[in-house]
Amino acid sequence: GVHRQVLFTTVGWFVGYYLAKRTEYIYAKLDRELFEYVRQHPEDFKPAEKRKIGELLEDFYPVR
């Protein structure tokens, strides 16, 4: 009856909350490791040179 619905809703909410927190923890840990690697190896991550928009796009040839 209703008591089972309340029980399963409560259990589902707690499991979902735990899984969401665990996912955030895993991604935060991965971000921390990647940022630390980038900080320790700046020669591998040089800033890209700025290019104009015309250099990024292909030439446009209209098809008629």
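All values derive from a computational prediction rather than experimental measurement.

Turning to a nonpolar patch on the surface, a few remarks are in order. A cluster of nonpolar side chains, namely Leu7, Phe8, Val11, Val15, Tyr18 and Leu19, defines an oily patch on the protein surface of about 620 Å² accessible area. Of note, Val15 is situated in helix H1 (residues 2-40). The partly exposed category is assigned to Val15, whose relative accessible area is 44%.

A complete count under the given rule lists two salt bridges for this structure. The salt bridge partner of Glu24 is Lys21, with a shortest N-O separation of 3.9 Å. Taken together, the positions of Glu24 and Lys21, both in helix H1 and three residues apart, correspond to about one turn of that helix. Judged by relative accessible area, which is 41%, Lys21 ranks as partly exposed. Its salt-bridge partner being Glu36, residue Arg39 comes within 2.6 Å of it at the nearest N-O pair. Linking Arg39 with Glu36, this pair stays in helix H1, spanning three residues, or about one helical turn. Using a relative accessible area of 58% as the deciding quantity, one classes Arg39 as exposed. Among the residues examined, Glu36 registers a relative accessible area of 32% and is labelled partly exposed.

The rules behind the values
- Residues numbered from 1 in each chain as written.
- Predicted model: local features only at pLDDT ≥ 70, side-chain atom pairs only at ≥ 80, totals over all residues.
- Heavy atoms only, no water.
- Patch = residues over 30% accessible without salt bridge, like charges linked within 9 Å, V, L, I, M, F, W, Y side chains within 5 Å.
- Areas by Shrake-Rupley, 256 points an atom, 1.4 Å probe, with all protein chains shown as cover.
- Salt bridge = Lys/Arg side-chain N within 4 Å of Asp/Glu carboxyl O.
- Helix = DSSP H or I, 4+ residues; strand = E, 2+ residues; numbered from the N terminus.
- Buried < 20%, exposed > 50% of the residue type's maximum accessible area, 1.4 Å probe, protein only.

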